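# Understanding the architecture of this molecule
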Amino acid sequence: MPQQPVNDVMLILERDGAVCLAERRGTGYADGQLNLPSGKLDEGEDVFTAVIREALEETGLVIEHEALQIVHVMHFRNPEEEPRVGWFFTARHWEGEPRNMEPHKCAGLTWHPVHHLPSTTVPYNALGIAHYLKGEPFSVHGW
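A brief report on the enclosed structure follows. (Residues numbered from 1 in each chain as written. Predicted model: local features only at pLDDT ≥ 70, side-chain atom pairs only at ≥ 80, totals over all residues. Heavy atoms only, no water.)

## Overview of the nonpolar core
Counting 15 residues, the largest nonpolar core has Ile12, Val19, Leu36, Phe88 and Tyr124 as its most contacted members. Elements with a minimum of two residues in this core: β1 (6-12), β3 (18-24), β6 (68-76) and α2 (123-133). Per-element tally for this core: the top contributor is β6, with three residues. Beyond its immediate stretch of four places on either side in the chain, Tyr124 contacts Asp8, Met10, Met74, Phe76, Arg84, Val85, Gly86 and Phe88. Counting residues in hydrophobic clusters, the runner-up holds 14 residues, among them Cys20, Ile63, Leu68 and Phe89. (Core = buried A, V, L, I, M, F, W, Y, C linked by side-chain atoms within 4.5 Å. Buried < 20%, exposed > 50% of the residue type's maximum accessible area, 1.4 Å probe, protein only. Helix = DSSP H or I, 4+ residues; strand = E, 2+ residues; numbered from the N terminus. Contact = heavy atoms within 4.5 Å.)

Given below as structure tokens:
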């Protein structure tokens, strides 16, 4: 039976030409690399509810549904991982200042120039950001 893709949500928090990235730590996946605030959908969640929940859990930010915009969707497959559908969002505004709410899984949050991401950015996230910057709403990778 074919494997169904995992649905991930990623939040592109952008201000003053920089994007907020989290350094993964102690998760067993991509530790030491940088990724967007993100996560998988919980049972019964839609993508908007999931990204709002993940933003609060990981960064402490309160983001309203109306502030969100889906800017890219990626159908991705990496031979070492489950196939994924990544939903990349931006937020026009939010309440609070991003802070590390999960120190057991994150070494810290840092801002990086959106057009010059560090080489340690998780490739899946870097691809999604690149497509977003080009205004490309959908992509397929690894099939």
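## Describing the pattern of salt bridges
For the structure on display, the rule yields seven salt bridges. Salt bridges here are not isolated pairs; linked through shared partners, they connect Asp42, Glu45, Arg53, Glu54 and Glu57. (Salt bridge = Lys/Arg side-chain N within 4 Å of Asp/Glu carboxyl O.)

## Quick look at the pairing of β3
Counting buried positions along β3 gives six out of seven residues, so the element sits mostly inside the fold. Bridge count between strand β2 (residues 14-15) and β3: two bridges; the pairing is antiparallel. When the bridges of β3 are listed, Arg15 appears paired with Ala18. Pairing of β3 with strand β8 (residues 106-113), which is carried by seven bridges, proceeds in the antiparallel orientation. Looking at β8, one finds that Val19 is bridged to His112. One ladder, built from two bridges, connects β3 with strand β4 (residues 34-35); its direction is antiparallel. What sits directly across from Glu23, in β4, is Leu34. (Pairing = 2+ DSSP bridges.)

## Section: the layout of surface pockets
One water molecule sets the probe size; rolling that probe over the atoms shows where empty space is left. In this model, the largest pocket occupies a volume close to 540 Å³. At the level of secondary structure, the elements contributing two or more residues to the lining of the largest pocket comprise β1, β3, β5 (38-40), α1 (47-59), β8 and α2. (1 Å grid on protein atoms, 1.4 Å probe; cavity = no way out; pocket = protein on both sides within 12 Å on 5 of 7 lines; lining within 4 Å. Points joined across faces, edges and corners; volume = space filled by probe spheres on them.)

## Quick look at the pairing of strand β7 (residues 84-91)
Within β7, seven of the eight residues are buried, which leaves the element mostly enclosed by the surrounding structure. Pairing geometry for β6 and β7, over eight bridges, is antiparallel. Looking at β7, one finds that Leu68 is bridged to Ala91.

## Some details on the packing of aromatic side chains
Summed over the entire model, instances satisfying the criterion amount to three aromatic pairs. When the ring of Phe88 is compared with that of Tyr124, the centres are 6.1 Å apart and the planes differ by 70°; the resulting orientation is edge-to-face. Taken together, the residues Phe88 in strand β7 and Tyr124 in helix α2 connect sequence positions 36 residues apart. As far as the burial class goes, Phe88 and Tyr124 line up, both buried. (Phe/Tyr/Trp six-rings, centres within 6.5 Å; stacked < 30°, edge-to-face > 60°.)

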